[in-house]
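# Tertiary structure, described
If you want the building blocks of each chain, they are given just below.
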Amino acid sequence: MSTRLAHIVQRSTTLSITRQRLQPNLYFASLRRLHSSCQLKSKHETSSMVGYRDSDRFHGNYPQRTIKCGQLTTSNEGERVVLSGWVQSPRAMSQDLIFIPIRDATGTTQLVFRSGDSQLRADIQKLTAESVICAEGIVRKRPEEMINKHQSTGAIEVELDKIYCLNPASTSLPFWPSQPLKNLPNEEVRLRHRYLDLRRPDLQNNIRLRSKVANTVRQFLIDNDFVEIETPTLFKSTPEGAREYIVPTRKKGAFYALPQSPQQHKQMLMAAGFDRYFQIARCFRDEDLRADRQPEFTQIDLEMSFVTPRDIQSIVQGFVTQIWDKALGIQLDESTFRHMTYHEAMTKYGSDKPDVRFDMQIKNIGTYLPDMVDDNSVLDCLVVKKGAAALTGGTLKAMQKELELADEKDFAFVKINENNIHSWPSKCGKLKHSSHINQASAMNTDLGIDIGDLVLVHKREQYLYGGNTLMGRVRLHLAGVLQNLGVMKLDPNAYKFLWIESFPLFTPDEQGIRTWQATHHPFTAPYDEDIPLLATDPAKVRGQHYDLVLNGMEIGGGSIRIHSPVMQNFIFDKVLQLERHEYERFDHLIDALSAGCPPHGGIALGFDRLMSILCHASSIRDVIAFPKAAGGKDLVVNSPSEVTAAQLNEYGLKLADIE
């Protein structure tokens, strides 16, 4: 109204100057019309606000925060401070004594009302939990007997004399972030209201640590002459293995695909002369979700020219060491990162990502019982110390069911007691048919078998491929059972890193479409000495691939790449037996290799998985701000969602009747 009044004054002044030239009745008529128009506009504005009730929210300027809640200490005693944050439920001890916790990102501070001010008391009593407030008061030391030693600000409180409710929270919130974890609703409810869930200190700390770690990695790589380069999100469909997300365009029959990794672009960057590239990259895979997978995920991606695997591993160890120092205060060194071949990992631990925090190594006992094996088989044996008593028959039966071992005729186990200690093979499945049972004592000595142990045996093929063996799965399962029983204890602060190397470059195509498939991806280079085997015996070709494993989880994988267009085409065509229309989708990469691409290699570390380890989170969902739920659903915004028929028509799409 003040603007319109100014116009009235201005126009009235103009009228007063000229009214000598107007008849008096015309002048006053004009003024009445102007006043009437202003009244109509005022009534219209008032009527448009009918039903608007916002009296519980403070409108106007409020004082700026002078310090954060978690920063207050006894050194601030006597200071006047302004705090801003979320209020928790006030606790009224009496009409003149009310405690009000206020929380921000740094912690919680206790406000106390004891002034007797009736208006201030009424304002406090109207507050609902999780309302956003601004509070003014004086910092006071708490009496000795009132100090809360479990809270960083527990030695002080702020004597309140003014409060502003900046935004009252609904009284029907699905949960309060301050509730104990055991009292929170299920994860689906929390994911739907993620903005509330993220206020919880645990998730706040996770996301803030994620930012700190990302910055640590970025700064380390920049200091080591890496260039941060963004690669396209809209890519093309290529046969890299996992299912892709397809993006339609308005051009009929033309689609983008979201990248599963920046692999091809970063190799082309090596051809372009950026010999040290990195990116904290967003990647997409249309896969079934597990605790450690999301349809969109983040990886620390890097590539280097003129390097060996050790050069790349040294860079990774450098920033991992800095991460552990800054995030956990733990010092790592060169000896922390052991090296192990794929064959050794699979033979000793039955896994290509072994957890070596506990021993339980698998041994080959075929040399003791030669009539139980042939040239193409191995007799794996696992000894679980004191497992006879700890693992009941019911527990072992449940294991067989869970691991689908009930019909596995080459798998058996026996509990060692005083009666069978020197003849246990005779009680262990098919081993009873061996004519070398008298070797039991020698095996007891070499394998450390004692009364009270559990011995498990499995006959497998000698040729190793894939991620694990049957005995490897048994090893992990029993270790989990023993931990749950309290028999096996693992140090939660033990970090066992492993570089797993010399993977087979190719593995049998289990779908039976072709003979071979790339173990990791088709761009990995073979060892030079194995190149002649590409044409004669692909099963024996080792790839220059390396995985970084931590406590039984793969956190990164990389390789030296093929930089020869001749070799790359040979592998596409002769080894992997791709159709021409399949590998012509890589023509852009072949052209780049042909343009003078240097030898190069790289690695990608799963950032989400790395953060879940640093935060001791059971799921990577706890280290991602807005993760997807089961089925790839974003419960906050309810996506994926349907689109209109007009949108489908614009892109030339029609929904098929497929369940």
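Residues numbered from 1 in each chain as written. Predicted model: local features only at pLDDT ≥ 70, side-chain atom pairs only at ≥ 80, totals over all residues. Heavy atoms only, no water.

### What about the nonpolar core?
Core analysis: the largest hydrophobic core is formed by 65 residues, its most contacted members being L221, L302, F319, V320, W324, F497 and F506. Per-element accounting of this core gives the leading share, 7 residues, to helix 8 (residues 309–328). Residues contacting F319, with those up to four places away along its chain left out, are V217, F220, L221, I300, L302 and L605. (Core = buried A, V, L, I, M, F, W, Y, C linked by side-chain atoms within 4.5 Å. Buried < 20%, exposed > 50% of the residue type's maximum accessible area, 1.4 Å probe, protein only. Helix = DSSP H or I, 4+ residues; strand = E, 2+ residues; numbered from the N terminus. Contact = heavy atoms within 4.5 Å.)

### Topic: the packing of aromatic side chains
What the rule picks out here adds up to 13 aromatic pairs. For the pair W499 and Y546, a centre-to-centre distance of 6.2 Å together with 80° between the ring planes defines the contact as edge-to-face. With W499 in strand 17 (residues 497–501) and Y546 in strand 20 (residues 545–550), the pair connects residues that are 47 residues apart, well separated along the chain. Judged on exposure class, the residue W499 and its partner Y546 are both buried. Each residue in the set W324, F337, Y495 and F497 is aromatic and connected to the rest through ring pairs, giving one cluster. For R542, the ring lying beneath its charged end belongs to Y527, and the centroid distance is 4.4 Å. (Phe/Tyr/Trp six-rings, centres within 6.5 Å; stacked < 30°, edge-to-face > 60°. Lys NZ or Arg CZ within 6 Å of the ring centre and 35° of its normal.)

### Some words on the pattern of salt bridges
By the definition in use, this model includes 39 salt bridges. A salt bridge links E159 to R114; the nearest nitrogen and oxygen atoms lie 3.1 Å apart. Of the two residues, E159 sits in strand 6 (residues 156–167) while R114 sits in the loop between strand 4 (107–113) and helix 3 (118–125), which places them 45 residues apart along the sequence. For E159, a relative accessible area of 24% translates into the label partly exposed. Here D587 ties to R580 by a salt bridge, and the two come within 3.4 Å at their closest N and O atoms. For R580, a relative accessible area of 42% translates into the label partly exposed. (Salt bridge = Lys/Arg side-chain N within 4 Å of Asp/Glu carboxyl O.)

### Let's talk about the side chain of D355
Examined against the element boundaries, D355 turns out to sit in the loop between helix 9 (342–349) and strand 13 (362–364). One polar contact links D355 to R357, side chain to side chain, over a distance of 2.7 Å. Sequence-distant contacts of D355, defined by excluding residues within four places in its chain, comprise R475, L476, N551 and G552. (Polar contact = N/O pair within 3.5 Å; in protein donor to acceptor, adjacent residues only side chain to side chain.)

### A word on unusual backbone geometry
Here the bond from S639 into P640 is cis, since omega is 0°, no more than 30 degrees from zero. Considering the arrangement of structural elements, one finds P640 in the loop between helix 18 (607–614) and helix 19 (645–650). Even without glycine at this site, D225 takes up a positive phi of about 70°. Along the chain, D225 turns up in the loop between helix 6 (201–223) and strand 7 (227–228). Residue F306 is not a glycine yet carries a positive backbone phi of 55°. In this structure, F306 sits in the loop between strand 11 (296–305) and helix 8.

### Structural notes on the domain arrangement of the protein chain
Split into domains, the protein chain comes out as domain 1 (54–167), domain 2 (185–340 + 492–503 + 543–563 + 598–652) and domain 3 (358–489). If you average the C-alpha positions of domain 2 and of domain 3, the two centres end up 38 Å apart. (Domains from an automatic or database assignment.)

### Here's the deal with the sheet that holds strand 12 (residues 337–341)
The 8 strands lie next to each other as 7-10-11-22-21-20-17-12, forming an open sheet whose pairing is mixed. Two strands lie at the open edges of the sheet, namely strand 7 and strand 12, each paired on one side alone. Sheet topology note: the strand 7/strand 10 (residues 276–284) ladder contains 2 bridges and is parallel. Across the sheet, residue V227 finds its bridge partner in strand 10, namely Y277. Sitting on the sheet, helix 6 touches strand 7, strand 10 and strand 11, and the angle it makes with strand 10 is about 150°. (Pairing = 2+ DSSP bridges. Axes fitted to C-alpha atoms, helices over the stretch in contact; angles between N-to-C directions.)

### Comments concerning the side chain of Q279
Inspection of the secondary structure assignment puts Q279 in strand 10. For Q279, the side chain forms a polar contact with the main-chain oxygen of I229, separated by 3.4 Å. The residues contacting Q279, other than those within four sequence positions of it, are I229, E230, T231, P262, Q299, I300 and D301.

### Remarks on the packing of helix 11 (residues 393–402) against helix 13 (residues 470–485)
Orientation of helix 11 relative to helix 13, taken along the N-to-C sense of each, is 135°, at an axis distance of 11 Å. In terms of axis orientation, helix 11 runs oblique to helix 13. Remark: the crossing between helix 11 and helix 13 carries right-handed chirality. Along its contact with helix 11, which presents T395, L396, M399 and E402, the element helix 13 presents V474, H477, L478 and V481. Looking at the contact of helix 11 with helix 13, its residues break down into 5 nonpolar, 2 polar and 1 charged. (Parallel < 35°, antiparallel > 145°, perpendicular 65-115°, else oblique. Left-handed = near helix turned anticlockwise from the far one by under 90°. Nonpolar A, V, L, I, M, F, W, Y, C, P; charged D, E, K, R; others polar.)

### Let's talk about helix 3
Among the residues of helix 3, L120, R121 and I124 are the ones counted as buried. All buried residues of helix 3 lie within an arc of 100° about the axis, which places them on one face of the element. Among the exposed residues of helix 3, those oriented more than 90 degrees off its buried face are S118 and Q119. Taken together, the buried residues of helix 3 touch strand 3 (97–104), strand 4 and strand 6. (Arc of directions from axis to C-beta.)

### A few points about the sheet that holds strand 16 (residues 454–461)
Sheet architecture is open: 4 strands sit in the order 13-14-16-15, paired in antiparallel fashion. Two strands close off the open sheet at either side, each with one partner strand: strand 13 and strand 15 (411–415). If you compare each strand with its neighbour and ignore which way they point, the axes differ by 25° on average. Relative to strand 16, strand 14 (residues 377–384) runs antiparallel, the two sharing 8 bridges. For L382, the partnering residue across the bridge sits in strand 16 and is L456.

### Describing the pairing of strand 20
Within strand 20, 6 of the 6 residues are buried, which leaves the element mostly enclosed by the surrounding structure. Burial along strand 20 is two-sided: H545, D547 and V549 and Y546, L548 and L550, pointing in opposite directions, are all buried. Bridge count between strand 17 and strand 20: 5 bridges; the pairing is antiparallel. What sits directly across from E501, in strand 20, is Y546. The pairing of strand 20 with strand 21 (residues 553–560) spans 6 bridges and is classified as antiparallel. Residue pairing across strands places L548 opposite G556, the latter belonging to strand 21. Taking the residues that link successive antiparallel strands as the turn, the strand 20-strand 21 hairpin has 2 residues, and the phi of N551 there is positive, at about 50°.

### Overview of the packing of helix 7 (residues 263–271) against helix 17 (residues 587–594)
The N-to-C vectors of helix 7 and helix 17 enclose an angle of 20°; their axes lie 9 Å apart at closest approach. Compared by their axis directions, helix 7 and helix 17 come out roughly parallel. For the pair helix 7 and helix 17, the sense of crossing is left-handed. Contacts from Q264, Q267, M268 and A271 of helix 7 reach helix 17 at H588, L589 and A592. Looking at the contact of helix 7 with helix 17 residue by residue, the class counts come to 4 nonpolar, 3 polar and no charged.

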